[in-house]
Amino acid sequence: MRLDNQTVIITGGASGLGAAIVKRFINEGANIGVLDRSESGCDQLREQYGERVVCVSGDVRQFSDNEKIVNECVETFGKLDCVIGNAGIWDYNMTLVDMPAEKLTASFHELFDINVLGYMMLSKAALKPLVASNGSMLFTVSNAGFLPNGGGMLYTATKHAVVGMIKQLAFELAPHVRVNGVAPGGISTELKGPESLGMDNAKFPGEKMASSAKNFVPVGELPTPAEYSGAYVFFASRDDNVPSTGAILNHDGGFGIRGLGPVPRGGDDLLSKL
Ligand SMILES: NC(=O)c1ccc[n+]([C@@H]2O[C@H](COP(=O)([O-])OP(=O)(O)OC[C@H]3O[C@@H](n4cnc5c(N)ncnc54)[C@H](O)[C@@H]3O)[C@@H](O)[C@H]2O)c1
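Here the structure is a predicted model, which means the values were calculated and not measured.

Caption draft 1: Highlighting the overall build of the protein. A tally of helices and strands in the protein yields 9 helices and 7 strands. The C-alpha atoms of the protein give a radius of gyration of 19 Å, which matches the 19 Å a tight globule of 274 residues would have. For the protein, the C-alpha atoms occupy an extent of roughly 55 × 55 × 40 Å along the three principal directions. A buried classification covers 51% of the 274 residues belonging to the protein. Approximately 12900 Å² of the protein is accessible, and the part contributed by carbon and sulfur atoms is 54%. Distance from the positive charge centre (23 side chains) to the negative charge centre (30 side chains) of the protein: 4 Å.

Caption draft 2: Representation of the nonpolar core in the model. Counting 52 residues, the largest nonpolar core has I9, V83, M137, F139, I166 and V179 as the members making the most contacts within it. Within the residue set of this core, elements represented by two or more residues are β3 (53-57), α3 (63-77), α4 (104-133), β5 (136-140), α5 (153-173) and β6 (178-184). Once you skip the residues sitting within four places of it in the chain, M137 turns out to touch V83, S123, L127, L130, L169, L173, V177, R178, V179 and N180. Grouped together as the second largest cluster of nonpolar side chains are 27 residues, L45, V53, V182 and Y232 included.

Caption draft 3: Just the sheet that holds strand β7 (residues 248-251), in detail. Strands sit in the order β3-β2-β1-β4-β5-β6-β7 across an open sheet of 7 strands; the sheet is parallel. Two strands in the sheet have a free side with no partner beyond their single neighbour: β3 and β7. Averaged over neighbouring strand pairs, the angle between their axes works out to 15 degrees when direction is ignored. Relative to strand β2 (residues 31-36), strand β1 (residues 7-11) runs parallel, the two sharing 5 bridges. By the bridge assignment for β2, T11 is matched with L35. The strands that α5 touches are β5, β6 and β7; relative to β5, the one it contacts most, it runs at about 170 degrees.

Caption draft 4: Layout of the site of the ligand. As a matter of local geometry, the ligand sits amid 29 residues, with S15, D36, N86, Y155 and T189 nearest to it. One of the backbone nitrogen or oxygen atoms of I187 is found 2.9 Å away from an oxygen atom of the ligand. A distance of 2.6 Å is found between an oxygen atom of the ligand and a side-chain nitrogen or oxygen belonging to T189. Bound to the protein, the ligand loses 95% of the 830 Å² it would expose on its own. Assessed atom by atom at 2 Å from the grid points, the ligand resides in the largest pocket. Elements that contribute at least two residues to the shell around the ligand include exactly α1 (16-27), α4 and α5. Its residues placed into classes, the shell around the ligand shows 12 nonpolar, 11 polar and 6 charged.

Each value, and the rule that gives it
Residues numbered from 1 in each chain as written. Predicted model: local features only at pLDDT ≥ 70, side-chain atom pairs only at ≥ 80, totals over all residues. Heavy atoms only, no water. Helix = DSSP H or I, 4+ residues; strand = E, 2+ residues; numbered from the N terminus. Rg over C-alpha atoms; globule rule 2.2 N^0.38 Å. Buried < 20%, exposed > 50% of the residue type's maximum accessible area, 1.4 Å probe, protein only. Areas by Shrake-Rupley, 256 points an atom, 1.4 Å probe, with all protein chains shown as cover. Lys, Arg positive; Asp, Glu negative; His and termini not counted. Charge placed at Lys NZ, Arg CZ, Asp CG, Glu CD. Core = buried A, V, L, I, M, F, W, Y, C linked by side-chain atoms within 4.5 Å. Contact = heavy atoms within 4.5 Å. Pairing = 2+ DSSP bridges. Axes fitted to C-alpha atoms, helices over the stretch in contact; angles between N-to-C directions. Near = heavy atom within 4 Å. Polar contact = N/O pair within 3.5 Å; in protein donor to acceptor, adjacent residues only side chain to side chain. 1 Å grid on protein atoms, 1.4 Å probe; cavity = no way out; pocket = protein on both sides within 12 Å on 5 of 7 lines; lining within 4 Å. Sits in = over half its atoms within 2 Å of the grid points. Nonpolar A, V, L, I, M, F, W, Y, C, P; charged D, E, K, R; others polar.

Fair warning: the whole summary comes from geometry, so function is off the table for now.
In structure tokens form, the structure reads like this:
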């Protein structure tokens, strides 16, 4: 399951999950393009990975920025094999009750524009080189793409929209381009919120989530960004993704099997009982 000589674009590759995917893909032999709004993040990636990475500092909401990273990748590395839509923002669990009515329109557009339109812009910009290479698209979903309470109504709605988008694109682009998703659970990152809600510099409660994970994540811990990255290698791998399109991996530490009541656990003394 190596990615030698594959060219892969990752949006939001300057931080958190995206940065871990970049690192893992470089180690697997891929050349990488990143589109991220952080200019300093781009500088750091260039310093870290040299000629193996090209980075455009821009906004996933702009078609021209998506086009730029696609063109730069094809010019630099000769082709494009996979794009990973990953850049996103969260709504910090903003409920309908707490949402100020006068901020609903702007925050709706900001969350949907970054989390959904951004993925569509990338898909459109990358279409021709991906069809030419028989490549694939991959998108970061979330447990919030399937279940409530992984965010507020806006974030949850955006991630459900991404699930629908993946299925529709998988249908439209078969058999030329495979389209799949990875739905991670909680990750300790720098995930920001919408500017329109004054949350663009908010501090994501990642450390708190990590320290209390035993109480709410069935696998008993909050996986690290690096631990999530293997699933992306699997779906990007031309050898291993052959049967997959329209597939979304619930890669969330087991939120789907929590059931009612406390987190299902065998107990710390399970082995001694056997
Ligand atoms: N952190 C979690 O608990 C969690 C859980 C499930 C899913 N996710 C998803 O993982 C993905 C990555 O988030 P993360 O947790 O690594 O957060 P992060 O903030 O650490 O990384 C996101 C990156 O996206 C970039 N970005 C944001 N908006 C952008 C825009 N408009 N244009 C260009 N770049 C932009 C940021 O600069 C940043 O580098 C998101 O799609 C998020 O919804 C996160």
